Amino acid sequence: MNTFKQFLAESEEKDDVKKLISKLPKSHQKLLNGFKFKFTNKHTLPKDSEHVGVIYQDKITVASPWNYSRSFVVLHEIGHLIFEYKMTKELKKEWSELVKKYKKDLPKNDALNQNNEEIFAMVYACCYAKHAVETFNHPEWIKFVKNKVPK
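Just so you know, these numbers come straight off a predicted model, no measurement behind them.

Peer 1: Which parts of the structure should I look at to understand the pattern of salt bridges?
Peer 2: Where charged atoms of side chains with opposite charge meet at close range, the side chains can pair. Tallied over the full model, the rule gives four salt bridges. For Arg70, the salt bridge is made with Glu13, and the minimal N-O distance between the two is 3.1 Å. Residue Arg70 is found in helix H3 (residues 70–85), and its partner Glu13 is found in helix H1 (residues 4–22); the two are separated by 57 residues along the sequence. Residue Lys143 pairs with Glu140 through a salt bridge whose shortest N-O separation is 3.5 Å.

Peer 1: It is not clear to me how the nonpolar core should be interpreted in this structure. Could you clarify?
Peer 2: Within soluble globular proteins, side chains that are nonpolar tend to cluster in buried spots. Judged by nonpolar contacts, the single largest core of 41 residues is most densely connected at Trp95, Phe120, Phe136, Trp141, Phe144 and Val145. Looking at this core, the elements that each hand over two or more residues are H1, strand S3 (59–62), H3, helix H4 (89–102), helix H5 (116–128) and helix H6 (139–148). With nine residues, H5 is the single largest residue contributor to this core. In this view, Phe120 contacts Gly79, Ile82, Phe83, Met87, Trp95, Phe144, Val145 and Val149; residues no more than four positions away in its chain are not counted.

The rules we used
Residues numbered from 1 in each chain as written. Predicted model: local features only at pLDDT ≥ 70, side-chain atom pairs only at ≥ 80, totals over all residues. Heavy atoms only, no water. Salt bridge = Lys/Arg side-chain N within 4 Å of Asp/Glu carboxyl O. Helix = DSSP H or I, 4+ residues; strand = E, 2+ residues; numbered from the N terminus. Core = buried A, V, L, I, M, F, W, Y, C linked by side-chain atoms within 4.5 Å. Buried < 20%, exposed > 50% of the residue type's maximum accessible area, 1.4 Å probe, protein only. Contact = heavy atoms within 4.5 Å.

In short, geometric facts, not functional conclusions.
What follows is the structure, given as structure tokens:
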């Protein structure tokens with residue numbers, strides 16, 4: 001049985017997600033139709049100490065990570081959907097070339113060892129988050145996401 005406190009927290013989370021999503025391009029918002037968001041109070045996902053967000057079927061589950069805001073993790077997960085459904089083969093190839101070209105310019109960080117899709121999701125989140133993660137906030141990558149990804 002849910003408590004009144006849980007009800008208020010869930011209502012507030014739904015409102016926050018709606019506000020966040022409303023700032024995205026319209027076609028990106030449409031991709032999210034039918035998805036539900038679930039938030040956990042752990043630093044990582046339950047039974048998965050390696051991840052802070054996941055998309056499974058029609059649910060996007062987000063932990064309460066130490067290093068990132070929840071809104072950033074939500075945007076990161078949306079970035080995976082954008083990569084899968086909005087990026088053409090040509091755009092993915094162009095993205096891959098940009099990653100190779102500018103990865104060396106950024107601070108050395110284990111996160112930069114991620115694959116192209118993971119880096120794209122991080123950069124996508126940087127584009128729309130209130131506070132970007134500096135590691136992935138490269139101007140050329142941001143320009144690509146904002147100008148090349150179909151809206």
